[in-house]
Amino acid sequence: MSSSTTVRTARRRTLRIAAASLVAAAGLTLTACAGSNAADAKSAGHSNSAAAEAGAAGWSGLQSTGAKAEVKAGTAPAANGSKSASPVRTQRLADGVSTAEITKLGDQHYRAKIVARGAVLATLETKGHDDGLDANDMFVTLTLDGQVHSWMGGGQQGPGTFKLAGGWTAKVTKLGELRYRAQIIGHDGVAATLETKGHDVGLDANGSYIVLSSGGVISAHA
């Protein structure tokens, strides 16, 4: 074999070895990348799964505590971080037409909107005391614990002294324009005092519900 032939053969072997090395290196690189991508995908899949599980657990918790209903009713935090009030319940009133939409605003703090045929006719609100309303001879009270009681008729026009349901006596006195006072008297004397200051007032007297209107009409239901 001539020297030129020997040189060419050596070069071919060198090229083949170099090519094989490149292929092997490329294969290692691809394997490393594939392993990295698989790990990333596995990690991402685990994170998404965990997030999904956390979301499902959170939603389940909301449902179990009744918070879902509250969110639908509007108790989700507002944009400014405060919570908006939500209707607690709706209750049919004694006239058979009106309803009370009762909302809890805080501890012993409730609001009741009197609604008829889609229109809000009046609003009652407890602020440390019961509230009441004379709505065209339908009397309504809202108590500190958010209970609404309504009845029809039974109004007596003050001033004067009147017997009330539940064994109470009311002494109604006129103080001025749209201003009356009613002393609620029991066996032990004056148990409570109602006073109108331009608006009706109400009272829960141990299970007897009393309303005094700004026009001096008093009615009770037990």
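One can find the structure itself at the top, above this paragraph.
From a predicted model like this one, the values you see are computed outputs, not experimental measurements.

Glancing now at the overall build of the chain. Regarding its fold elements, the chain presents two helices and 15 strands. Contacts in the chain between residues at least 24 apart in sequence constitute 31% of all its contacts with a sequence separation of at least 6. Summed over its atoms, the accessible surface of the chain is roughly 13500 Å², and 55% of this surface lies on carbon and sulfur atoms.

Right, let's get into the sheet that holds strand β5 (residues 131–135). One open sheet accounts for three strands, arranged β5-β6-β7; its pairing is antiparallel. For this open sheet the edge positions go to β5 and β7 (148–152), each flanked by a neighbour on one side alone. Direction aside, neighbouring strands of the sheet carry axes that sit 15° apart on average. When β5 meets strand β6 (residues 138–142), the two strands line up antiparallel, connected through five bridges. By the bridge assignment for β6, Leu133 is matched with Val140.

Across all of its chains, the model carries one aromatic pair by this definition. Between Phe139 and Trp151 the ring centres are 6.0 Å apart and the planes differ by 20°, which places this aromatic pair in the stacked class. In this pair, Phe139 is assigned in strand β6 and Trp151 in strand β7, connecting sequence segments twelve residues apart. In this pair, the class of Phe139 matches that of Trp151, namely buried.

Basis of the calculations
- Residues numbered from 1 in each chain as written.
- Predicted model: local features only at pLDDT ≥ 70, side-chain atom pairs only at ≥ 80, totals over all residues.
- Heavy atoms only, no water.
- Helix = DSSP H or I, 4+ residues; strand = E, 2+ residues; numbered from the N terminus.
- Contact = heavy atoms within 4.5 Å.
- Areas by Shrake-Rupley, 256 points an atom, 1.4 Å probe, with all protein chains shown as cover.
- Pairing = 2+ DSSP bridges.
- Axes fitted to C-alpha atoms, helices over the stretch in contact; angles between N-to-C directions.
- Phe/Tyr/Trp six-rings, centres within 6.5 Å; stacked < 30°, edge-to-face > 60°.
- Buried < 20%, exposed > 50% of the residue type's maximum accessible area, 1.4 Å probe, protein only.

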